[in-house]
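Spelled out from the first residue to the last, the chains are:
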Amino acid sequence: MSHRRARTTPRRPRGRRAVLLSAATVLVIGSGVAALAATTKDHPAPHAAEPAASAPTGTDATPAPGDSASASPSASASGPASPSASASAAPSGSAPAAASASTPAPAGNAAPAAKPGTTPSTFTGLAFDTCTAPPLATMNAWHGTSPYGAAAVYIGGKNRGCAQPQLTAGWVSSVNATGWKLVPLYVGAQPPCQTGSSPEKITADTATTLGTSDGNDAVAKAAALGMRAGSTLYLDVEAYNTADTGCADAVLAYTRSWNRAVHNSGYWAGFYGFASSSAAGIAQAAGTNAPDLPDALWYARYDGAADTTGSFPFAAGLYAGHRRAHQYQVNQKESYGGAALTVDRNAWDAPVAVVG
């Protein structure tokens, strides 16, 4: 199954990741709760050995607003501490994560949006994502028995690939009360040069207006689920050819506009992308010191390393201070408390939703 309607590469039966390419490095710029983003690196297939199960290692934290350029990422992940479930296909990985900041885009005349007035709530530990939000009974069974303390959920977007019968305000309230942290993910318009068909694609002409409308929609969807202002919403942008400058510029314009809309409603803006393409595009933009960039970076790099430091493919100072997440393995079949799920594994040290 697929997390979204269109795939950029026919890779695995269900992930939302694409094969990544190569790496580069980018500078650090920025301050406040949004540092900058990163560059590119190899995206090897998962290969780590299956780790022993452990209880969730997540903790709440509030990052200092000024973390950014110089310091290297905080909260590193040490040693395997990941699922002991049966890994389907690819091998599994382990351990907690570290954090990070924000990124630039091509120059524009739009005034930068004001950042939300509160410091984002963060989680450090292991997180999972799966296409359809699991039943409440499964979430209850996994809490305390799995190594995970946070779960990503697809709150909306025209390119969201799965129905969400479980994902209601009541479900969100219940899992939050149990102790889970939630990561809201919005599958917005996709790059114009992306292969495959998506119900909503960016164009050079519509990038800004589409980004605004989608950002406002993401806020509305989050609010309807009880995820209030102060939450961090993550924009999911799939892989594309970064050598296509027109395409890259359109993606960046869309992302910046989406971020402005989210910020203007009092929410933080996160970004999910691939280490050699979509995340790399945000990273490269950081070198231009453009405004309205994401406040947190969630990068896909399938190296089996459950951390956000040693595996971080960009300049060490980027997104430091609880603003990084690393999707390190996909399509892992796991069972805890008698309930089975196929999930993607993430090392998390970044902002999450604020519920209630």
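Residues numbered from 1 in each chain as written. Predicted model: local features only at pLDDT ≥ 70, side-chain atom pairs only at ≥ 80, totals over all residues. Heavy atoms only, no water.

Caption draft 1: Spotlight on the overall build of the protein. Tallying secondary structure elements over the protein gives 5 helices and 9 strands in all. When the helices and strands of the protein are placed in sequence order, the string is β-β-α-β-α-β-α-β-α-β-α-β-β-β. Pairs at least 24 apart in sequence give 80% of the contacts found in the protein among residues at least 6 apart. When the accessible surface of the protein is totalled, it reaches about 11,200 Å², and 56% of it is carbon and sulfur. (Helix = DSSP H or I, 4+ residues; strand = E, 2+ residues; numbered from the N terminus. Contact = heavy atoms within 4.5 Å. Areas by Shrake-Rupley, 256 points an atom, 1.4 Å probe, with all protein chains shown as cover.)

Caption draft 2: Broad picture of the pattern of salt bridges. Counting across every chain of the model gives 4 salt bridges. For Asp292, the salt bridge is made with Arg260, and the minimal N-O distance between the two is 2.8 Å. Here the residue Asp292 occupies a position in the loop between helix H5 (278–286) and strand E7 (296–300), and Arg260 occupies one in helix H4 (residues 245–264), the gap between them amounting to 32 residues. No difference in accessibility class separates Asp292 from Arg260, as the two residues are buried. Salt-bridge contacts for Asp303 lead to Arg301; the nearest nitrogen and oxygen are separated by 3.3 Å. Its relative accessible area of 10% is what places Arg301 among the buried residues. (Salt bridge = Lys/Arg side-chain N within 4 Å of Asp/Glu carboxyl O. Buried < 20%, exposed > 50% of the residue type's maximum accessible area, 1.4 Å probe, protein only.)

Caption draft 3: Spatial organisation of the packing of aromatic side chains. Within the structure shown, the criterion is met by 14 aromatic pairs. Plain terms: the ring middles of Phe128 and Trp180 are 5.8 Å apart, the flat faces sit at 90 degrees to each other, and that makes the pair edge-to-face. Here the residue Phe128 occupies a position in strand E2 (residues 122–129), and Trp180 occupies one in the loop between helix H2 (169–178) and strand E4 (181–186), the gap between them amounting to 52 residues. Accessibility classification places Phe128 together with Trp180 in one group, the buried group. An angle of 75 degrees between the planes, with centres 5.6 Å apart, marks the rings of Tyr272 and Phe274 as edge-to-face. The pair formed by Tyr272 and Phe274 is uniform in burial state, with each residue classed as buried. The structure contains a cluster of three or more aromatic residues connected by ring pairs, namely Phe128, Trp142, Tyr148, Trp180 and Tyr336. Sitting above the plane of the Phe312 ring, Arg324 keeps its charged end 3.4 Å from the centroid. (Phe/Tyr/Trp six-rings, centres within 6.5 Å; stacked < 30°, edge-to-face > 60°. Lys NZ or Arg CZ within 6 Å of the ring centre and 35° of its normal.)

Caption draft 4: Local environment of H4. An ideal rise of 1.5 Å per residue puts 28 Å on 20 residues; H4 measures up with 28 Å between its terminal C-alpha atoms. Extensive coverage of H4 is indicated by the burial of 15 of its 20 residues. Residue Gly266 follows H4 closely and has a positive phi angle near 90 degrees. (Expected span 1.5 Å × (residues − 1).)

Caption draft 5: A look at the state of the cysteines. Here the structure, examined in full by the defined rule, presents 2 disulfides. Disulfide pairing places Cys131 opposite Cys162 at an S-S distance of 1.7 Å. Where Cys131 bonds to Cys162 through sulfur, the torsion about that S-S bond is close to 85 degrees, and the disulfide is right-handed. With Cys131 in the loop between E2 and helix H1 (136–142) and Cys162 in the loop between strand E3 (148–156) and H2, the pair connects residues that are 31 residues apart, well separated along the chain. (Disulfide = S-S within 2.5 Å.)

Caption draft 6: Quick look at the side chain of Asp295. As for its placement among the helices and strands, Asp295 is situated in the loop between H5 and E7. For Asp295, the side chain forms a polar contact with the side chain of His263, separated by 2.6 Å. (Polar contact = N/O pair within 3.5 Å; in protein donor to acceptor, adjacent residues only side chain to side chain.)

Caption draft 7: Representation of the side chain of Asp349 in the model. Tracing the backbone shows Asp349 in strand E9 (residues 339–351). No salt bridge forms around the buried Asp349; measuring N to O, its nearest opposite-charge neighbour Arg324 is 7.8 Å away. Among the polar contacts made by the side chain of Asp349, one reaches the side chain of His322 at a distance of 2.7 Å. (Lys, Arg positive; Asp, Glu negative; His and termini not counted.)

Caption draft 8: Highlighting the nonpolar core. In terms of nonpolar packing, the biggest core is built from 61 residues, with Phe128, Trp142, Trp171, Leu182, Leu233 and Trp258 touching the most fellow members. Take this core: its biggest share by element is 8 residues, from H4. Setting aside residues up to four positions removed in sequence, Leu233 forms contacts with Ile155, Pro184, Ala218, Val219, Ala222, Trp258, Val262, Tyr267, Trp268, Ala269 and Gly270. (Core = buried A, V, L, I, M, F, W, Y, C linked by side-chain atoms within 4.5 Å.)

Caption draft 9: Geometry of the packing of helix H3 (residues 207–224) against H4. Running from N to C, H3 and H4 cross one another at 40 degrees; their axes reach a closest spacing of 7 Å. Classified by the interaxial angle, the pair formed by H3 and H4 is oblique. The handedness of the crossing between H3 and H4 comes out as right-handed. Contacts between H3 and H4 involve Ala207, Thr208, Leu210, Gly211, Thr212, Asp214, Gly215, Asn216, Ala218 and Val219 from the first element and Ala250, Ala253, Tyr254, Ser257, Trp258, Arg260, Ala261 and Val262 from the second. For the contact of H3 with H4, the class distribution of residues is 10 nonpolar, 6 polar and 2 charged. (Axes fitted to C-alpha atoms, helices over the stretch in contact; angles between N-to-C directions. Parallel < 35°, antiparallel > 145°, perpendicular 65-115°, else oblique. Left-handed = near helix turned anticlockwise from the far one by under 90°. Nonpolar A, V, L, I, M, F, W, Y, C, P; charged D, E, K, R; others polar.)

Caption draft 10: Region of the structure containing H2. All buried positions along H2 are accounted for by Trp171, Val172 and Val175. Considered in projection along H2, the buried side chains sweep an arc of 100 degrees and stay on one side of the axis. On its buried face, H2 is in contact with H1, E3 and E4. (Arc of directions from axis to C-beta.)

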